[in-house]
Number of protein chains: 2
Amino acid sequence: MVGSVGNGLMDLGEKVEPLPEEFDPKEIVEPLPTESNGVGGEEGSGKRREIVLGRNVHTMCFTIKEPDADDEETGEREAYMASVLARYRKSLIERTKHHLGYPYNLDFDYGALAQLQHFSINNLGDPFIESNYGVHSRQFEVGVLDWFARLWELEKNEYWGYITNCGTEGNLHGILVGREVFPDGILYASRESHYSVFKAARMYRMECIKVGTLVSGEIDCADFGAKLLQNKDKPAIINVNIGTTVKGAVDDLDLVIKTLEDSGFRDRFYIHCDGALFGLMMPFVKRAPKVTFKKPIGSVSVSGHKFVGCPMPCGVQILRLNHVNALSRNVEYLASRDATIMGSRNGHAPIFLWYTLNRKGYRGFQKEVQKCLRNAHYLKDRLKEAGIGAMLNELSSTVVFERPRDEEFVRRWQLACQGSIAHVVVMPSVSIEKLDSFLNELVEKRATWYGDGKGRPQCIASDIGDENCLCGFHKN
Amino acid sequence: MVGSVGNGLMDLGEKVEPLPEEFDPKEIVEPLPTESNGVGGEEGSGKRREIVLGRNVHTMCFTIKEPDADDEETGEREAYMASVLARYRKSLIERTKHHLGYPYNLDFDYGALAQLQHFSINNLGDPFIESNYGVHSRQFEVGVLDWFARLWELEKNEYWGYITNCGTEGNLHGILVGREVFPDGILYASRESHYSVFKAARMYRMECIKVGTLVSGEIDCADFGAKLLQNKDKPAIINVNIGTTVKGAVDDLDLVIKTLEDSGFRDRFYIHCDGALFGLMMPFVKRAPKVTFKKPIGSVSVSGHKFVGCPMPCGVQILRLNHVNALSRNVEYLASRDATIMGSRNGHAPIFLWYTLNRKGYRGFQKEVQKCLRNAHYLKDRLKEAGIGAMLNELSSTVVFERPRDEEFVRRWQLACQGSIAHVVVMPSVSIEKLDSFLNELVEKRATWYGDGKGRPQCIASDIGDENCLCGFHKN
């Protein structure tokens, strides 16, 4: 964090992403304000971007111009907009092709649904109660919810849920339900939990205790147990990660429950499962511990734009029906009650999900999960063969490895990084060919970073374990 | 509220919306569970639906079926899905045609953007800071934000903002920023504020004081001042309605500020303006008091799917840059900081907004606002001519009138109702022809409800004022 910048002027610790070549910056991109000279770091250097609060940087911006009076006759406006969109589309194709770091399945075809883009579809409030607003897609939404409730073994008449805007909304919702069930409960979450969990604690003014993790990224239940014993007087609300964001680690749900029971918490706990990505993959992995409502969990959330693939972020939230009353209230205006976070909800997302689930079915997902796990193993093995330290958790398709030294390379492949490590999340849209192309480029670049005694790769044993690190010290 | 239904069985105080005729319920709709006999109220009766918590009703649901092994060869699955979608589309056309009650502009043509539906566009985190995820639309988002900042007179380098998922997210964000600026502040909001304001207070564990309203729906500043004086020791966070949900009433921002100052609050207050609908209309209404950051306000939110029109809910949030630091924190994982509520954000919505703003410009919106106000006056006048009590606030296009007695009629025209009143929100998609068709049907039906001494319309003077009510007692 580089000081405070309350006056809104730009603070320049940051390198700015270069524009894709298709764009003509002179025509449509606003120039950097004059204060912004001396931007740190040259192109392609190893310098990391720093994140600065309180900024308002206009590096890339398609300015909206007031139409001229004669625009309609000349057609210039339409032509201008069409050209911006065409170039933008080209850049999207290129960016989609080189994407590896985020757990989004970019491989989908929703052409059949283009006919619906013309409608303002809004699922206000509760999916199970008709609102007076008729342009909705509850029929599809409830179909999708049923599918997930079945996947996680909760009876149709015992669940409640809704399609959210993203994984964050799912976590916000699950933790809020937990707090309403146990108003004085303490929130426990491993330190590798998604940042939205800690955001929730702050928003909701909940006491929050961070629990340590193992090298794999899983919650350390010894530490968890010790912290529970120090706070026996208050109920526990626990976020369990079904796939952590960075390492794809799956918390051991059974051990979490056992730890709670051994610490005397019996029925004074609420478990929310953040299954953003693996919540949908796990059920199809043999030998994986089961996420199921037959165990004493309260809610599960999963993202719809990740493994399923969807043009916009969305998610699925399933919880026990008897808990939702803690949250909901009457809202006559909508002729609906409101137990959601958002109220107005995107009605297109449920149709996208319904379409894919219907086409692929449980069997289709199973096949895709198997393919992802196979490809992830391939990537990890090839990295190690090339002398690059890498880790792949058993139930995961997230391959963690040393952070590439060149930030331009990181951005080109859109890798997500944290500290000294980066990761690739192998999704159905990530083929062996794409991985090969990435690997070849990495190996080639790496020779220029570390060849000729220019330095050595950093040790990342503390991140991925001694047995996975291949730095100078650990490779022997 | 009809008791608690913790066991998930259906509780049957509610009438269920009939399926549109295009649907063949036998084929694709799940039947009502057998517990659901004796649904209250016959078709078309005047009975109001009651809202029951803890329900899970599967009245309309397109079940997702596991594909058969030979589905790919027979093509049956594809045919089934195509037929569901075609019928759904037909029902959307019909529902869109008969829509009057919600403030959504359903008149838009985004055909030029269909080419982008194929991409998973996600604006993670802060709009002004590049994330490593390349498939985003920040260039469009920042263009839209600039346009709104200019509309509300906040300098480009002094604002921060983002495109939200809906008006609710805007209110959640504005109130959260207020709370972070004044952690022990009390939230004040008129009782006619949108329900999301009170939801926020509960979520954020804030003390919340409801302020009375005038008949128009505006906040009653006498009551506000009295309540401020009783709580002088704590800062004030105020939600100001730029158009209330039900009556379209605009709180008098200047009077709110004066009341705060007269009560000795000087700089110990934060004002959030909920401009869900009128935030975008007001600037184009002559004589309307100005919403501007030249006054001591902290944030403004407006919905994108309302006056602008958009296939999915979205909104715009603009606030002062120096306030956002209270909220944000570093999140290395995204190479972005997170001062939003949602984290992952729909990247298509900014492009829809950018497209419309660019095409219409300030002048185009001005014309549409004028048309809406004209048509709203037409509707109010014709209602009164027909002997139906009605009210239209001066700066508003929301016409409030007696609640139609027949719930089927209410649902057919998708009217939003509260207590004894209903409203129509005149949007650009609501033409004189549509209003005439609605009026003719209402007048005709009304004769059957109240003709031949069958009873009288209810008095609604307490909702819309003596001078607007046309019940037996007030019409003389």
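Residues numbered from 1 in each chain as written. Chains lettered and ligands numbered in written order. Predicted model: local features only at pLDDT ≥ 70, side-chain atom pairs only at ≥ 80, totals over all residues. Heavy atoms only, no water.

(A) Structural view of the packing of aromatic side chains. Evaluated as defined, the whole model comprises 48 aromatic pairs over all chains. Taking the centre distance of 5.5 Å and the plane angle of 65 degrees together, the rings of Y102(A) and Y133(B) count as edge-to-face. In this pair, Y102(A) is assigned in the loop between α3 (76-97) and α4 (138-151) and Y133(B) in the loop between α3 (76-97) and α4 (138-151), connecting two distinct chains. Overall, the relative accessible area of 1% leaves Y102(A) in the buried class. (Phe/Tyr/Trp six-rings, centres within 6.5 Å; stacked < 30°, edge-to-face > 60°. Helix = DSSP H or I, 4+ residues; strand = E, 2+ residues; numbered from the N terminus. Buried < 20%, exposed > 50% of the residue type's maximum accessible area, 1.4 Å probe, protein only.)

(B) Spotlight on unusual backbone geometry. Unusually for a residue other than glycine, R266(A) sits at a positive phi of about 35 degrees. Mapped onto the elements, R266(A) comes out in the loop between α8 (253-262) and β5 (269-274). Given the relative accessible area of 67%, R266(A) is considered exposed. Residues other than glycine seldom take positive phi values, yet Q414(B) does so here, at roughly 50 degrees. Tracing the chain through its elements places Q414(B) in the loop between α13 (407-412) and β12 (416-418). A relative accessible area of 0% means that Q414(B) is categorised as buried.

(C) Examining the side chain of T398(A) more closely. With respect to the helices and strands, the residue T398(A) is situated in strand β11 (residues 398-402). Non-local contacts of T398(A), meaning those with residues more than four positions away in its chain, are made with V246(A), K247(A), G248(A), F278(A), M391(A), L392(A), N393(A), H423(A), V424(A) and V425(A). (Contact = heavy atoms within 4.5 Å.)

(D) Highlighting the sheet that holds strand β1 (residues 159-164) of chain A. Residue and element names in this part refer to chain A. Read across the open sheet, the seven strands follow the order β1-β7-β6-β5-β4-β2-β3; overall the sheet is mixed. Of all strands in the sheet, those with a lone pairing partner are β1 and β3 (208-211), marking the two edges. Averaged over neighbouring strand pairs, the angle between their axes works out to 15 degrees when direction is ignored. Across the sheet, α4 is in contact with β1, β6 (299-303) and β7 (315-320); its angle to β1 comes to roughly 120 degrees. Against the sheet, helix α7 (residues 221-230) contacts β2 (186-190), β3 and β4 (236-241), and its axis sits at roughly 150 degrees relative to β3. (Pairing = 2+ DSSP bridges. Axes fitted to C-alpha atoms, helices over the stretch in contact; angles between N-to-C directions.)

(E) Region of interest: the UniProt feature "modified residue: N6-(pyridoxal phosphate)lysine" (unreviewed entry) in chain A. Residue and element names in this part refer to chain A. Within this numbering scheme, the UniProt entry marks K306 as carrying the feature "modified residue: N6-(pyridoxal phosphate)lysine" (unreviewed entry). Its place among the elements puts K306 in the loop between β6 and β7. Given the relative accessible area of 15%, K306 is considered buried. Every residue in contact with K306, bar those within four places of it in the chain, is listed here: P103, Y104, N105, A276, L277 and M427. (UniProt positions renumbered as here; feature names shortened; annotations may be inferred.)

(F) Geometry of the relation of the copies chain A and chain B. The transform that puts chain A on chain B rotates by 180 degrees and translates by 0.0 Å along the axis, for an RMSD of 0.0 Å. The operation mapping one copy onto its partner corresponds to a two-fold rotation axis. If distances are taken from each C-alpha of chain A to the rotation axis, the shortest is found for Y204(A), at 2.4 Å. The overlap is high: 99% of the interface residues of chain A also sit at the interface in chain B, so the same surface is used on both sides. (Least-squares fit on C-alpha atoms with pLDDT ≥ 70 in both.)

(G) Spatial organisation of the state of the cysteines. Considering all chains together, one arrives at zero disulfides over all chains under this definition. Free of any disulfide, C469(A) has its nearest neighbouring cysteine sulfur in C471(A), separated by 3.7 Å. The cysteine C459(B) is free of any disulfide, with C471(B) supplying the nearest cysteine sulfur at 3.8 Å. The partly exposed category is assigned to C459(B), whose relative accessible area is 39%. (Disulfide = S-S within 2.5 Å.)

(H) Representation of a negative patch on the surface in the model. Taken together, D68(A), D70(A), E72(A), E73(A) and E76(A) make up a surface patch of like negative charges. You can see D68(A) is positioned in the loop between α1 (25-28) and α2 (71-74). (Patch = residues over 30% accessible without salt bridge, like charges linked within 9 Å, V, L, I, M, F, W, Y side chains within 5 Å. Areas by Shrake-Rupley, 256 points an atom, 1.4 Å probe, with all protein chains shown as cover. Salt bridge = Lys/Arg side-chain N within 4 Å of Asp/Glu carboxyl O. Lys, Arg positive; Asp, Glu negative; His and termini not counted. Charge placed at Lys NZ, Arg CZ, Asp CG, Glu CD.)

(I) Expanded view of the packing of helix α5 (residues 167-181) of chain A against helix α6 (residues 195-204) of chain A. Residues and elements named next belong to chain A. Running from amino to carboxyl end, α5 crosses α6 at an angle of 45 degrees, the nearest separation of the two axes being 9 Å. In terms of axis orientation, α5 runs oblique to α6. Where α5 crosses over α6, the two elements pack in a sense that is right-handed. Each of T168, N171, L172, H173, I175, L176 and R179 in α5 lies in contact with α6, whose residues at this interface are S196, V197, K199, A200, M203 and Y204. Here the residues of the contact of α5 with α6 are counted per class, giving seven nonpolar, four polar and two charged. (Parallel < 35°, antiparallel > 145°, perpendicular 65-115°, else oblique. Left-handed = near helix turned anticlockwise from the far one by under 90°. Nonpolar A, V, L, I, M, F, W, Y, C, P; charged D, E, K, R; others polar.)

(J) How the structure looks around the sheet that holds strand β10 (residues 390-392) of chain A. All names here are of chain A. Spatially, the four strands line up as an open sheet ordered β10-β11-β13-β12, and their pairing is antiparallel. In this open sheet, the two strands that pair with only one neighbour each are β10 and β12 (416-418). Here the strands of the sheet are splayed against their neighbours by 25 degrees on average, with no regard to which way each runs. Pairing geometry for β11 and strand β13 (residues 421-425), over five bridges, is antiparallel. From the neighbouring strand, F401 faces β13, where its bridge partner is A422.

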